[in-house]
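What the coordinates show
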Amino acid sequence: MRKKIFILINTLGSGGAERVVSLLIHGWKNRFDITLVVLTDIIEYELPENISVVCFNQPFQANGFFTTLKLPFLGWKYRKLCKKHKPDISFSALKRTNYINCFGKLFGNKAKVILCDGIHFSEFLKTLPAMERKVTIFLTKKLYPYADEIIPNSMLMKIDLEQNFNIHSRYVVVHNPMNMAFIKKSSEEPVDFPVGDTFNFINVGVFRKQKNHENLIDAFDNIKHLNVKLFLLGHRYLKNEIITKVKKMNLESRVIFLNFDTNPFKYLSKCDCFVLSSDFEGFPNALQEAMVCGLSVISTDCLSGPREILAPNTDPAITVKDHIEIAEYGILVPIRNSKLLAEAMELMVKDKELHGQLKQKARKRSMDFDSSKIIDQYTEAVESA
């Protein structure tokens, strides 16, 4: 008899964690009896026919003190749901639902509780107001130990939780899976924007502060004398602010905004180089997806993920500070440094041999994240919890 697994997440809309969960659902559909539990009724990925869905009807992207107060009540509600259906495993992703999952355990949920963590927690905390930061630290230290297992997406995330938050649970580090066959097939679809004869950079991601699109625009402004364009594919949050910045800098003809598309791969494959400008990450899906599509890549050496992807044989705890690093599978640059980011972008345009080598190496490295391998690792971690 198949084990019952509840998969708890905020939504199944756009985002890296959501894409991973959608891949896990498809990978596990014949292995587990799956119930997807979402806080908000947003499901943008296709689900298998035999998947049950439960929605808690919470406001989308709710935040602030009131939302924090609701976490115990949502945990109690989740515990009641688990008591009724008796799942063997309760798997969650993202901080809010991880807290709810742990509250459920605290209140008596008998299922094995597994948390999937996709962000470098110490860096994430720096973005929060002082009071929210204190509450978040308190919740993490008090609740995470209730988990039977934590699955961080990078080694640095595991080290951060152990050393900085004194959480000594069972850890299994598993990187994000990539459905390579699907990505490659999707990348062949035509696009309706002119690529032209320019060297085309692209960034894909939701317009959040942590993604630091402003730094990317500043860097691009430093190389506008070259025959280059920059495509930005994403939506929500700070997009209007970035559009305003581009207009003020008179870059409208060079910086092209693409609307959100469930198939970003068709745009990626038509460009030359992917640029990740984030201040912090977990294990960036967009970087991996660009490599599957055969692009050379430039990334900030942020915590965490990019170094483990592009320079896997180096110490994941080191970061480049005052120069660019031509790593094994891409170029790493310091965070929040538009001058050095521009230097890396110019190098990629001018050094055609380097660009060609990094394109080939990126595609080779991406094979390590094929979903057929990674989902097996997730499965082993879940079943052995």
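Residues numbered from 1 in each chain as written. Predicted model: local features only at pLDDT ≥ 70, side-chain atom pairs only at ≥ 80, totals over all residues. Heavy atoms only, no water.

Before going further, it helps to examine the overall build of the chain. What the chain contains, in helices and strands, is 15 helices and 13 strands. What you see for the chain is a C-alpha radius of gyration of 21 Å, in line with the 21 Å of a compact globule of 385 residues. Counting the 385 residues in the chain, one finds 56% classified as buried. Sequence separation of at least 24 residues holds for 68% of the intrachain contacts in the chain that already meet a minimum separation of 6. Distance between charge centroids for the chain: 7 Å, based on 52 positive and 43 negative side chains. (Helix = DSSP H or I, 4+ residues; strand = E, 2+ residues; numbered from the N terminus. Rg over C-alpha atoms; globule rule 2.2 N^0.38 Å. Buried < 20%, exposed > 50% of the residue type's maximum accessible area, 1.4 Å probe, protein only. Contact = heavy atoms within 4.5 Å. Lys, Arg positive; Asp, Glu negative; His and termini not counted. Charge placed at Lys NZ, Arg CZ, Asp CG, Glu CD.)

With that settled, consider the pairing of strand S11 (residues 296–300). Across the five residues that make up S11, a large majority, five, are buried. Side chains Ser 296, Ile 298 and Thr 300 of S11 all project onto a buried face; the interleaved residues Val 297 and Ser 299 project onto the opposite face, where all are buried too. The pairing of strand S10 (residues 273–276) with S11 spans four bridges and is parallel. Bridging across to S11, Phe 274 finds its partner in Val 297. Remark: the S10/helix H11 (residues 285–292)/S11 crossover connection has right-handed handedness. With three bridges joining them, S11 and strand S13 (residues 331–333) adopt parallel strand pairing. In the strand pairing of S13, Ile 298 is matched with Ile 331. (Pairing = 2+ DSSP bridges. Right-handed = clockwise from strand over helix to strand, strands pointing away.)

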